[in-house]
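Listed below are the residues making up each chain.
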Amino acid sequence: MEIYENIDMERSGEKMKSLVTQAGYDVKSIQKYLHLSCPQPVYRWFKGKVLPTVDHLFMMSKLLGVHMEDFLVAKEIAPPKEEVLTCRNLTLKRIENSKASAESRMLLYCRFIKARTAGAIMPTKL
């Protein structure tokens, strides 16, 4: 299991390295600015092996004039195909038993109510 399941570590490292080099800094200058005893942590950040601490992210964001979140890249998360429910096959039981996230189930429920109110879905017994 990954520590950060929603962050693409490799792409975040690449983005971090790109932002640092575009601003005219190198690994040694970041090391000195953050008062690190050796440059290895910076190389590990750039390779996507680990993320900097919040304090280091904060200091680098101030140095480069960017937001802390600009260093991070979210993973592309596609919903499982078997969880895709359309208005035609929606039932309350299917929504409740869905393995989709709570947020996705809530959106499905809202769509279900809207479609049912509009007469697109006929009431069924549960």
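Before reading on, note that the structure itself is shown above.
Given the structure is predicted, the values throughout are model-derived calculations rather than measurements.

What counts and how
Residues numbered from 1 in each chain as written. Predicted model: local features only at pLDDT ≥ 70, side-chain atom pairs only at ≥ 80, totals over all residues. Heavy atoms only, no water. Helix = DSSP H or I, 4+ residues; strand = E, 2+ residues; numbered from the N terminus. Buried < 20%, exposed > 50% of the residue type's maximum accessible area, 1.4 Å probe, protein only. Contact = heavy atoms within 4.5 Å. Areas by Shrake-Rupley, 256 points an atom, 1.4 Å probe, with all protein chains shown as cover. Salt bridge = Lys/Arg side-chain N within 4 Å of Asp/Glu carboxyl O. Arc of directions from axis to C-beta. Core = buried A, V, L, I, M, F, W, Y, C linked by side-chain atoms within 4.5 Å.

The next subject is the overall build of the protein chain. The helix and strand inventory of the protein chain stands at six helices and zero strands. Ordered by position from N to C terminus, the α and β elements of the protein chain give α-α-α-α-α-α. Here the protein chain, with 126 residues, has 30% of them falling under the buried criterion. For the protein chain, long-range pairs separated by at least 24 residues make up 53% of all intrachain contacts whose partners lie at least 6 apart in sequence. With an accessible surface of roughly 9300 Å², the protein chain has 56% of that area assigned to carbon and sulfur atoms.

One non-glycine residue, histidine 35, adopts positive backbone phi at about 60 degrees. Its place among the elements puts histidine 35 in the loop between α2 (27-33) and α3 (40-47).

Attention shifts here to the side chain of glutamine 31. By the secondary structure assignment, glutamine 31 is in helix α2. The class of glutamine 31 is buried, set by a relative accessible area of 7%. Apart from the residues within four sequence positions on either side, glutamine 31 is in contact with Leu36, Ser37, Cys38, Pro39 and Val42.

A few words on the pattern of salt bridges. Applying the stated criterion across every chain, the model contains one salt bridge. Residues arginine 11 and aspartate 8 are paired through a salt bridge, measuring 3.7 Å at the closest nitrogen-oxygen approach.

Summarising the element assignment, asparagine 6 is placed in the segment before α1 (9-22). Exposure remark for asparagine 6: the relative accessible area of 45% places this residue in the partly exposed category. With 66 residues separating them in the primary sequence, asparagine 6 and leucine 72 have C-alpha atoms 10.0 Å apart. Discounting residues that sit within four places of it in the chain, asparagine 6 has contacts with Val73, Ala74, Lys75 and Ile77.

Another aspect to go through is helix α4 (residues 54-64). Residues of α4 that are buried include every one of His56, Leu57, Met60, Ser61 and Leu64, and no others. Buried residues along α4 cover an arc of 135 degrees about the axis, so they all sit on one side. Turned more than 90 degrees away from the buried face of α4, the exposed residues are Val54, Asp55 and Lys62. Taken together, the buried residues of α4 touch α1, α2 and α3. Directly after α4, the chain includes glycine 65, whose backbone phi takes a positive value near 70 degrees.

In terms of nonpolar packing, the biggest core is built from 14 residues, with Ile30, Val42, Trp45, Phe46, Met60 and Phe71 touching the most fellow members. Looking at this core, the elements with two or more residues in it are α1, α2, α3 and α4. Those residues in contact with phenylalanine 71, other than ones at most four positions away along the chain, are Ser12, Lys15, Met16, Leu19, Leu57, Met60, Ser61, Leu64 and Val66.

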